[in-house]
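# Tertiary structure, described
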Amino acid sequence: MPDSRIQPEVWKETIARVRAQIGEVIVGQHEVVEQLLWCIFAGGHALLEGIPGLGKTMLVRTVADSLDLSFSRIQFTPDLMPSDITGTQVLSFGNQGVTGMTFQSGPIFSSIVLADEINRATPKTQSALLEAMQEQTVTIGNDTHVLPKPFFVLATQNPLENEGTYPLPEAQLDRFLLKILVPYPNAEELKEIVRRTTSSHVSVASKQATGAELIEIQRGAKEVLVAEEVLDYAVKLLMMTHPEESSAPEDVRKYVRFGSGPRGVQSIISTGKVRAICQGRMHLSTGDIHAVAVPALRHRLFLNFEGQARGISTDHIVQGILNRLEGTV
């Protein structure tokens, strides 16, 4: 008997409604929106990279509105302290002069947390997000507080300015399911952006799904079938990012210092499953792996000095591996 809880067509329609609603507010950026939805419905965190003014903040807020989730924005600056994110214990006065300590929660206690310009905060403050991103809890003193479910950190960073910034450590980068590059709009998109932002009408996304539906789809994505040969394909892709592997392409051996860790293939499989649901399928294909591999791995490869000096991009490295794999199928 088929499991009545598995409803790929219903889930596909729900994601399509959310996607369409975001398109009513955000001009263009179709690939960015698609990748962000893969990430959210897979239950992971996303790092959005792009120059200022491309609508990254509005995109995240629109996603929150479309999914009817609580939203908070944290503007990261060098003087931001960890307690400004997580919250702190404050002294409270009760009846008859009795005093005690009460926990005052910080902005991280929202379902969608926008960490704006995350690389402008010091490593100490950036590390305040690590426990939240991995365990979905916050520990203050001896007390552990559970964050709301669902919970996502959607962070942004500006690739142009390096002065006064603190690059994210590898351990924190690895906790982002996808790194999504936000491109500059084309001429027609720019005209539409001007029309929307200089008129009296302000577009606001309406609710198209609930947190409960989101969690249901996240659970459903885990039921997507992965054939052994498809899993082997994904693992082979990951292994080819390591320069010491005999199957690694020449560019990997020449320009890569460290390849991706296990979270890389976990990211590929989990986001690939959501892409399959977006197409109404309950099985993962190699096409899904090809579609999600670049955003899943671009922040998990670390180039050596020669690769950095030559301006080699990790996107180029991953795409070269995919091309080689495609030729062996």
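Scroll up a little and you will see the structure.
What you see is a predicted model, and the numbers here were worked out from it, not measured in a lab.

Right, let's talk about the overall build of the protein chain for a bit. A count of helices and strands for the protein chain gives 15 helices and 11 strands. Its C-alpha atoms give the protein chain a radius of gyration of 21 Å, near enough to 20 Å, the size a compact globule of 329 residues would have. Principal-axis analysis of the C-alpha atoms gives the protein chain an extent of 75 × 50 × 50 Å. Considering only residue pairs separated by 6 or more positions, the protein chain has 76% of its internal contacts joining residues 24 or more positions apart. Only carbon and sulfur atoms are counted for the fraction: they give 53% of the accessible area of the protein chain, which is about 16200 Å². With 30 positive and 37 negative side-chain charges, the protein chain shows a separation of 1 Å between the mean positions of the two kinds.

So, on to the pattern of salt bridges. Evaluated as defined, the whole model comprises 14 salt bridges. Measuring nitrogen to oxygen at the nearest pair gives 3.3 Å for the salt bridge that ties Arg-195 to Glu-192. One end of the pair, Arg-195, and the other, Glu-192, are both in helix α8 (residues 187-197), 3 residues apart, so they sit about a helical turn from each other. Arg-195 gets classed as partly exposed once you look at its relative accessible area, which sits at 47%. Members of the salt-bridge network, linked through shared partners, are Asp-174, Arg-263 and Arg-300.

One can find Arg-298 in the loop between α13 (286-297) and β11 (302-303). Overall, the relative accessible area of 11% leaves Arg-298 in the buried class. Here the side chain of Arg-298 touches Lys-179 through a polar contact of 2.6 Å, landing on its backbone oxygen. In this view, Arg-298 contacts Lys-179, Ile-180, Leu-181, Thr-314 and Asp-315; residues no more than four positions away in its chain are not counted.

Next up on the list: the pairing of strand β9 (residues 176-181). Each regular strand displays side chains that alternate between the two surfaces of the sheet. In terms of burial, β9 is a largely internal element, 5 of the 6 residues being buried. Across 5 bridges, strand β1 (residues 45-49) lies against β9 in parallel orientation. Note that in β9 the partner of Leu-48 across the bridge is Ile-180.

Time to look at the sheet that holds strand β2 (residues 71-75). Read across the sheet, 5 strands follow the order β2-β5-β8-β1-β9 without closing on themselves; strand pairing throughout is parallel. The sheet is open, and its two borders are formed by β2 and β9, each paired with just one other strand. In this sheet, adjacent strand axes meet at a mean angle of 20° when their direction is disregarded. Helix α3 (residues 56-66) rests against β1, β2, β5 (112-116) and β8 (152-157) of the sheet, and its axis sits at about 175° to β5.

Of note, the amide linkage connecting Lys-149 to Pro-150 takes the cis form, showing an omega dihedral of 0°. Positionally, Pro-150 belongs in the loop between β7 (143-146) and β8. We note that Gln-29 has phi near 55°; this positive angle belongs to a residue other than glycine. Relative to the assigned elements, Gln-29 resides in the loop between α1 (8-25) and α2 (30-41). On the basis of relative accessibility, which here comes to 12%, the residue Gln-29 falls in the buried class. Residues other than glycine seldom take positive phi values, yet Asp-68 does so here, at roughly 55°. Here Asp-68 lies in the loop between α3 and β2.

A few words now on the nonpolar core. Judged by nonpolar contacts, the single largest core of 70 residues is most densely connected at Leu-59, Leu-67, Ile-112 and Leu-237. Sorting elements by how many residues they give to this core places α2 first, with 8 residues. Among all residues touching Ile-112, those that are not within four sequence positions of it are Val-60, Val-63, Ala-64, Leu-69, Ser-70, Phe-71, Ser-72, Phe-152 and Leu-154. Counting residues in hydrophobic clusters, the runner-up holds 23 residues, among them Ile-108, Ala-115, Leu-129 and Val-153.

Looking now at the side chain of Thr-241. Tracing the backbone through its elements, the reader meets Thr-241 in the loop between α10 (228-239) and α11 (250-255). The class for Thr-241 is buried, based on a relative accessible area of 0%. In this structure the side chain of Thr-241 is engaged in a polar contact, spanning 3.2 Å, whose partner is the backbone nitrogen of Ser-260. Setting aside its immediate chain neighbours within four residues, Thr-241 contacts Val-252, Val-256, Gly-259, Ser-260, Leu-297, Leu-301 and Ile-321.

Thresholds applied
Residues numbered from 1 in each chain as written. Predicted model: local features only at pLDDT ≥ 70, side-chain atom pairs only at ≥ 80, totals over all residues. Heavy atoms only, no water. Helix = DSSP H or I, 4+ residues; strand = E, 2+ residues; numbered from the N terminus. Rg over C-alpha atoms; globule rule 2.2 N^0.38 Å. Contact = heavy atoms within 4.5 Å. Areas by Shrake-Rupley, 256 points an atom, 1.4 Å probe, with all protein chains shown as cover. Lys, Arg positive; Asp, Glu negative; His and termini not counted. Charge placed at Lys NZ, Arg CZ, Asp CG, Glu CD. Salt bridge = Lys/Arg side-chain N within 4 Å of Asp/Glu carboxyl O. Buried < 20%, exposed > 50% of the residue type's maximum accessible area, 1.4 Å probe, protein only. Polar contact = N/O pair within 3.5 Å; in protein donor to acceptor, adjacent residues only side chain to side chain. Pairing = 2+ DSSP bridges. Axes fitted to C-alpha atoms, helices over the stretch in contact; angles between N-to-C directions. Core = buried A, V, L, I, M, F, W, Y, C linked by side-chain atoms within 4.5 Å.

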